[in-house]
Amino acid sequence: MGRHATPITLAPEERTELERRVRARTSRQQEALRARIVLRAARGERNSAIAASLGCARHTVQHWRDRFAAGRLAGLRDRPHCPPPRVYGPDVQAQIVLLACQKPADLGWGGQTHWSIEDLAQYIREHPELGLGSPSKSTVGTILQAAEIRLARL
């Protein structure tokens, strides 16, 4: 059994604003698409018909229909995107930088004189007792780059 579409009824000022967004030359394409979706939903069109005519997915139509019903015009704005929480906080990053500044041979890592990013990441992964997790090569590289550490120059 399919989900029923949220019915949309527009106030005259909302219809005017949505039509302005569709016609405006300076509107972002996302804003114009959202306005078109809501205007067609207000005419009573089905989500699948709206999606087919606008060239988008049915769940996109349902999403913006629901967002408009819940928040009216404000619901059509983009929400802020929060970055994911840091997996490796400042303490762990400082310990990785400290490790990078030590000679690999002093830590029992082969007969090397310098770390490579890949070797440092592998050393950290092979030594869980350090409590640094298991960062990827690119994560170690990003941490060292942020600290302005160049392994070849140490």
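First things first, this report covers the structure right here in the doc. (Residues numbered from 1 in each chain as written. Predicted model: local features only at pLDDT ≥ 70, side-chain atom pairs only at ≥ 80, totals over all residues. Heavy atoms only, no water.)

Some details on the pattern of salt bridges
Here is step 1: Throughout the structure, instances matching the rule amount to 7 salt bridges.
Here is step 2: The residue Glu-14 makes a salt bridge to Arg-72 at a minimum N-O spacing of 2.7 Å. One end of the pair, Glu-14, is in helix α1 (residues 12-23); the other, Arg-72, is in the loop between α4 (58-71) and α5 (90-100), and 58 residues separate them in sequence.
Here is step 3: Residue Arg-21 is joined to Glu-17 by a salt bridge in which the shortest nitrogen-to-oxygen separation is 2.9 Å. Residue Arg-21 and its partner Glu-17 are both found in helix α1; the two are separated by 4 residues, about one turn of the helix. (Salt bridge = Lys/Arg side-chain N within 4 Å of Asp/Glu carboxyl O. Helix = DSSP H or I, 4+ residues; strand = E, 2+ residues; numbered from the N terminus.)

Let's talk about the packing of aromatic side chains
Here is step 1: Tallying each qualifying case throughout the model produces 3 aromatic pairs.
Here is step 2: Taking 6.0 Å as the distance between ring centres and 40° as the angle between the ring planes, the aromatic pair formed by Trp-109 and Trp-115 counts as tilted.
Here is step 3: Ring geometry for Trp-109 against Tyr-123: centres 5.6 Å apart, planes inclined by 90°, an arrangement best described as edge-to-face. Here the residue Trp-109 occupies a position in the loop between α5 and α6 (117-126), and Tyr-123 occupies one in helix α6, the gap between them amounting to 14 residues.
Here is step 4: The buried category is assigned to Trp-109, whose relative accessible area is 13%.
Here is step 5: By the ring-pair criterion, three or more aromatic residues cluster together here, those being Trp-109, Trp-115 and Tyr-123. (Phe/Tyr/Trp six-rings, centres within 6.5 Å; stacked < 30°, edge-to-face > 60°. Buried < 20%, exposed > 50% of the residue type's maximum accessible area, 1.4 Å probe, protein only.)

Digging into the environment of Lys-103
Here is step 1: If you trace the backbone, Lys-103 turns up in the loop between α5 and α6.
Here is step 2: Spatially, the C-alpha atoms of Lys-103 and Arg-153 are 12 Å apart, while their sequence positions differ by 50 residues.
Here is step 3: With sequence-adjacent residues up to four places away left out, Lys-103 is seen in contact with Thr-113 and Trp-115. (Contact = heavy atoms within 4.5 Å.)

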